[in-house]
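Topology and contacts: notes
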Amino acid sequence: MPAESSNLLDGKRLALQIQEELTTQIQTLHAEIGRPPGLAVLMVGDNPASAAYVRNKERACERVGIASFGHHFPTEVTFDEVKQTIHDLNANPQVDGILVQLPLPPHLDATALLYEIDPNKDVDGLHPLNLGRLVRGESGLRSCTPAGVMRLLAAYDVELQGKHAVVIGRSILVGKPVSLMLLAANATVTMAHSCTPDLAAVTRTADVLVTAVGQPGLITAEMVKPGAVVIDVGINRKEVEGKARLVGDVDFTSVQPHSSLITPVPGGVGPMTVSMLLGNTVWSYRQRHKASYNS
């Protein structure tokens, strides 16, 4: 699906295509099962960025036919109150996916709350059981942003077998899972991070370079191997001429001419993350439907 005369990896266009496919699937499954898939998003407090992300997810659900079960808690909510809501959603047969919108206020233990989610409804793919399934190469729910990266590479026929992939960043959200996914695709993977000496020497060896560190302009042209595929997962807000703009970790203007393919920010990996979330919800919905027939 590459656009003509462009080396952009157009995540926005692919995300819309995926959502159209999901809409068709859901219409068929809804008729068979008698209910739509359901996604519950839990948000605590009034973080403007989080509120915007939640609105985007709810609108995307509406577009494809997924029922939303939103829960918006005040900042002072207790751990036990959120925990009980998660348990209620775990038991709710109308809900196929649950996610807790991060970040949470400091008094709430995000890791402990994520552990309370039924792994089979963990559509963010962050429960240890789902991460363990990824390590073992077993079927399961995958972290949305790394899954979006892999889907984007596949859509543009990027060959990974035998290639050298460098991942900058070692977070549980992106760096570690995307490294495992690239490894499963038979790439040779190097992980770099804040303690890596001479980062440029490492990145220049990459056939596929993935950066997810949240540092605007970190990757410049001299750090990129000519013809490399560059995946920019970074989302940073930067003031440009008095206006807030979203920029990635890559100095896009200088790096684009050196790369064979590159993701823009915005419009690259970001839209794919939401589509993978919807896809995970539908996958869970399908699995639970099969289980009801096998029991």
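Quick look at the structure, then.

How each quantity is defined
- Numbering of residues begins from 1 in every chain and follows the order in which that chain's sequence is written.
- Selection of residues for local features in this predicted model requires a pLDDT of at least 70, selection of side-chain atom pairs for listing and counting requires 80 or more, and totals for whole chains, interfaces and linings are taken over all residues.
- Heavy atoms from the whole structure form the basis of all side-chain values; hydrogens and water molecules are not counted.
- Here, strands pair whenever DSSP counts at least two bridges between them.
- A run of H or I in DSSP becomes a helix once it reaches four residues, and a run of E becomes a strand once it reaches two; helices and strands are each numbered from the N terminus.
- The nonpolar core is taken to be a set of buried Ala, Val, Leu, Ile, Met, Phe, Trp, Tyr and Cys residues, with the residues joined through side-chain atoms within 4.5 Å.
- Any residue under 20% of the maximum accessible area for its type is buried, any over 50% is exposed, and the rest in between are partly exposed; the area is computed with a 1.4 Å probe on protein chains only.
- Any pair of residues with heavy atoms lying within 4.5 Å of one another is described as a contacting pair.
- This arc corresponds to the set of directions leading from the helix axis out to the C-beta atoms.
- Here an axis means a line fitted to C-alpha atoms, over the contact stretch when the element is a helix, while the angle between two N-to-C directions is reported on a 0 to 180 degree scale.
- Here a cavity denotes a set of grid points, spaced 1 Å apart and computed over the protein atoms alone, in which a 1.4 Å probe fits but from which it cannot get out, and a pocket denotes an open set meeting protein on both sides within 12 Å along at least five of seven lines; residues with an atom within 4 Å of a point are reported as lining.
- Grid points are joined across faces, edges and corners, and a volume is the space filled by probe spheres set on the points.
- By definition in this entry, angles of less than 35 degrees are roughly parallel, angles greater than 145 are roughly antiparallel, angles of 65 to 115 are roughly perpendicular, and the rest are oblique.
- Each residue is assigned to one class: nonpolar for Ala, Val, Leu, Ile, Met, Phe, Trp, Tyr, Cys and Pro, charged for Asp, Glu, Lys and Arg, and polar for all the others, Gly among them.
- Within this document, salt bridges are pairs made up of a side-chain nitrogen of Lys or Arg and a carboxyl oxygen of Asp or Glu, the two lying within 4 Å of each other.

**Some words on the pairing of strand β9 (residues 236-240)**
Here β9 runs beside strand β10 (residues 243-247); their pairing, made up of 5 bridges, is antiparallel. Within β10, the position partnered with Lys238 by the bridge is Arg245. What sits between β9 and β10 in their antiparallel hairpin is a turn of 2 residues, with Glu241 showing a positive phi close to 55 degrees.

**Considering the nonpolar core**
Grouped together as the largest cluster of nonpolar side chains are 50 residues, with contacts concentrated most on Leu153, Leu182 and Ile231. When residues of this core are assigned to their parent elements, the largest contribution, 8 residues, is made by helix α10 (residues 269-294). Apart from the residues lying within four places of it in its own chain, the contact partners of Ile231 are Leu9, Val149, Leu153, Leu209, Val210, Thr211, Thr263 and Val269.

**Brief notes about the pairing of strand β8 (residues 228-232)**
Remark: a regular strand shows side chains that alternate across the two faces of the sheet. A large share of β8 lies buried, amounting to 5 of its 5 residues. What you see with β8 is no split at all: Ala228, Val230 and Asp232 on one side and Val229 and Ile231 on the other are buried throughout. Judged from the 4 bridges that link them, strand β7 (residues 208-211) and β8 form a sheet pairing that is parallel. When the sheet's bridge partners are listed, Thr211 is paired in β8 with Asp232. With 3 bridges joining them, β8 and strand β11 (residues 259-262) adopt parallel strand pairing. By the bridge assignment, Ala228 is partnered in β11 with Ser259.

**Things to note about helix α5 (residues 128-136)**
It helps to recall that an α-helix has 3.6 residues per turn; residues three or four apart then point in one direction. Here α5 has its buried residues at Asn130, Leu131, Arg133 and Leu134. Down the axis of α5, the smallest arc covering the buried residues is 155 degrees, so these residues share one side. Away from the buried face of α5 by more than 90 degrees, exposed residues Val135 and Arg136 are located. Looking at the buried residues of α5, the elements they touch are α7 (175-184).

**A word on the sheet that holds β7**
Spatially, 5 strands are ordered β6-β5-β7-β8-β11 in an open sheet, and the strand pairing comes out parallel. Edge positions in the sheet fall to β6 (188-192) and β11, since each has one partner strand and no second. Strand-to-strand twist in this sheet, taken as the mean axis angle between neighbours without regard to direction, amounts to 20 degrees. Docked against the sheet, α7 engages β5 (164-168), β6 and β7, running at close to 165 degrees with respect to β6.

**Some thoughts on the environment of Asp232**
Along the chain, the position of Asp232 falls in strand β8. Taking the relative accessible area as the measure of exposure, Asp232 reaches 3% and is therefore buried. Separated by 102 residues in the primary sequence, Asp232 and Asn130 place their C-alpha atoms 25 Å from one another. Setting aside residues no more than four positions away along its own chain, Asp232 makes contact with Thr211, Gly248, Asp249, Val250, Thr263, Val265 and Val269.

**What to know about the layout of surface pockets**
Quantified by volume, the largest pocket comes out at close to 1,600 Å³. Lining the largest pocket are 48 residues, with Tyr53, Thr145, Ile235, Gly270 and Thr273 positioned closest to its centre. Taken together, the elements giving at least two residues each to the lining of the largest pocket come down to α1 (11-33), α2 (48-64), β4 (97-100), α6 (144-155) and α10. Top element by residues in the lining of the largest pocket is α2. It accounts for 9 residues.

**As for the packing of α1 against α6**
One can describe the packing of α1 onto α6 by two numbers: an axis separation of 11 Å at closest approach and a directional angle of 100 degrees. In this view, α1 runs roughly perpendicular relative to α6, as classed from their interaxial angle. Each of Gly11, Leu14, Ile18 and Glu21 in α1 lies in contact with α6, whose residues at this interface are Arg151, Leu152 and Ala155. Partitioned by chemical class, the residues of the contact of α1 with α6 number 4 nonpolar, 1 polar and 2 charged.

**Here's the deal with the pattern of salt bridges**
Taken as a whole and assessed by the stated rule, the structure comprises 6 salt bridges. Note that Arg151 and Glu21 form a salt bridge whose closest N and O atoms lie 3.6 Å from each other. Here Glu21 lies in helix α1 and Arg151 lies in helix α6, a separation of 130 residues in the sequence. By relative accessible area, Arg151 is classed as partly exposed at 34%. Its salt-bridge partner being Lys225, residue Asp207 comes within 2.7 Å of it at the nearest N-O pair.

Coordinates in, geometry out; function isn't part of it.
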